[in-house]
Amino acid sequence: MKSILITGGAGFIGSHLCDALISNNKITVIDNLSLGRMNNIEHLLDNKNFKFIKADILSDMLDTIFAEGNFDTVIHLAANSDIAVSHDNPKVDKDHTFMTTYQVLEMMKKYKTKEIVFSSTSAIYGDTADVLHENYGPLQPASHYGAGKLASEAFISSFVENYGIQAWIVRFPNVVGERATHGVIFDFIKKLNKNNNELEVLGDGEQYKPYLYVKDLVEAILFVWENSSEMLNIYNLGVNSRTKVKDIAALVIEEMKLDATIKYTGGNRGWIGDVPEFNYDLTKVNMLGWKANNTSNEAVRKAIQYILTLDF
């Protein structure tokens, strides 16, 4: 049984990881609940192997948490996850995407925690139509979020080299499914709830990206962690299919049983920092032995059906 700290563990992806790990591990979650939700983890609160701490990673409490936790592994998910928000305020990603990682690494060094699993992103690759493999470069992020994650990856690499920490860096595409709190599907449903007749879509609808179902992602993270053993392990995680924004719009309208028209604002991207198209090379993780169970379209449809059960 390992002692594992999950930062951002009350959030969308983190809470699913808690569910997957709780039966065989001792789990401590730190989350400031800026994006995380207590109802994501409330079913775990009575489990003797689960501990929740409401705290900010950038506060002094992190030192005490590490001092008392004696952690074997950190799964570091805490970050800003809304790219559009940090366009107006870059400090959001400097503090909450990069500095949170740096603080975690400092505590790992101080308390000799030897493993980190880090949630990175396709946004580190920047705006390119090239097929993206793990050694692709140069890396030129188009968003502050991507820049914060890339800077985090760089410091993880240097801490691996300098202090004998073992790291697994997993780069996600768009992730959808139960417990998500924002994203294009939410936006479309909210717009259609206000106006059943017309759906405004930012850009031209041709934005083309892979969407990964959250439970497939969690399975992939744990598979990579358990089955790769270099000191620094870097994997793209994704699905071998993609979905266009115009098809997401059509799926939402279909699942809501509406007869709405779609109005495009024009241009090839939804907002500044948006990457309109990317395509992962998943050879490395597929060769390791993992493939997603759901296609991109299947993941999107499951996410729509889940969101439509919510009251918002």
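Refer to the structure printed above.
Residues numbered from 1 in each chain as written. Predicted model: local features only at pLDDT ≥ 70, side-chain atom pairs only at ≥ 80, totals over all residues. Heavy atoms only, no water.

Draft legend 1. Structural detail: the overall build of the protein. Along the protein, the regular secondary structure elements total 10 helices and 15 strands. Expected size for 312 residues packed as a compact globule is a radius of gyration near 20 Å; at 19 Å, the protein falls within 12% of this value. Dimensions of the protein, computed from C-alpha atoms along their principal axes, come out at roughly 55 × 45 × 40 Å. Per-residue burial for the protein yields a buried fraction of 51% across its 312 residues. (Helix = DSSP H or I, 4+ residues; strand = E, 2+ residues; numbered from the N terminus. Rg over C-alpha atoms; globule rule 2.2 N^0.38 Å. Buried < 20%, exposed > 50% of the residue type's maximum accessible area, 1.4 Å probe, protein only.)

Draft legend 2. Spotlight on the layout of surface pockets. Of the voids in this model, the second largest pocket is the one considered here, and its volume is about 160 Å³. Around the second largest pocket, the lining comprises 15 residues; the ones closest to its centre are Thr28, Lys51, Ile53, Glu68 and Gly69. Taken together, the elements giving at least two residues each to the lining of the second largest pocket come down to β2 (25–31), β3 (50–54) and α2 (61–69). For the lining of the second largest pocket, the element with the most residues is α2, which contributes five residues. Taken together, the residues that form the lining of the second largest pocket break down as six nonpolar, five polar and four charged. (1 Å grid on protein atoms, 1.4 Å probe; cavity = no way out; pocket = protein on both sides within 12 Å on 5 of 7 lines; lining within 4 Å. Points joined across faces, edges and corners; volume = space filled by probe spheres on them. Nonpolar A, V, L, I, M, F, W, Y, C, P; charged D, E, K, R; others polar.)

Draft legend 3. Local environment of the nonpolar core. Membership of the largest hydrophobic core comes to 67 residues, with the highest contact counts inside it found for Ile6, Ile185 and Leu237. It is helix α7 (residues 214–227) that contributes the most residues to this core, eight residues altogether. When sequence neighbours within four positions are dropped, the list of residues in contact with leucine 237 reads Val170, Arg171, Phe172, Pro173, Leu212, Leu217, Ala220, Ile221, Val224, Tyr280, Leu282 and Val285. Counting 24 residues, the second-largest nonpolar core is a separate cluster that includes Ile65, Val74, Met108 and Ile116. (Core = buried A, V, L, I, M, F, W, Y, C linked by side-chain atoms within 4.5 Å. Contact = heavy atoms within 4.5 Å.)

Draft legend 4. The arrangement of empty space enclosed by the protein in detail. The final tally for this structure, using the stated rule, is one cavity of 30 Å³ or more. Volume-wise, the largest cavity comes out at about 30 Å³. In terms of lining, the largest cavity is formed by Pro210, Gly238, Val239, Ser241, Arg242, Asn279 and Tyr280. Grouping the amino acids of the lining of the largest cavity by side-chain chemistry returns three nonpolar, three polar and one charged.

Draft legend 5. Broad picture of the packing of α2 against helix α4 (residues 91–111). The interhelical angle for the contact between α2 and α4, taken along N-to-C directions, is 40°, at an axis separation of 10 Å. Once α2 is placed against α4, the crossing between them reads as right-handed. Counting all contacts with α2, which are made through Leu62, Asp63, Phe66 and Ala67, the residues of α4 involved are Gln103, Val104, Met107, Met108, Lys110 and Tyr111. Its residues assigned to classes, the contact of α2 with α4 comprises seven nonpolar, one polar and two charged. (Axes fitted to C-alpha atoms, helices over the stretch in contact; angles between N-to-C directions. Left-handed = near helix turned anticlockwise from the far one by under 90°.)

Draft legend 6. The environment of alanine 180, seen in detail. Relative to the assigned elements, alanine 180 resides in the loop between β8 (174–176) and α6 (184–194). Taking relative accessible area as the criterion, alanine 180 reaches 10% and is therefore assigned buried. For alanine 180 and asparagine 227, which are 47 residues apart along the polypeptide, the C-alpha to C-alpha distance reads 28 Å. Not counting residues up to four positions away in its chain, the partners in contact with alanine 180 are Phe12, Phe186 and Tyr306.

Draft legend 7. View of the sheet that holds β3. One open sheet holds the seven strands; their spatial order is β3-β2-β1-β4-β5-β7-β12, and the pairing between them is parallel. Edge positions in the sheet fall to β3 and β12 (232–236), since each of these pairs with one other strand and no more. Sheet twist, expressed as the mean angle between neighbouring strand axes with direction ignored, is 15°. Pairing analysis gives six bridges linking strand β1 (residues 2–7) to β2, with the strands arranged parallel. Its bridge partner lying in β2, isoleucine 6 is registered against valine 29. (Pairing = 2+ DSSP bridges.)

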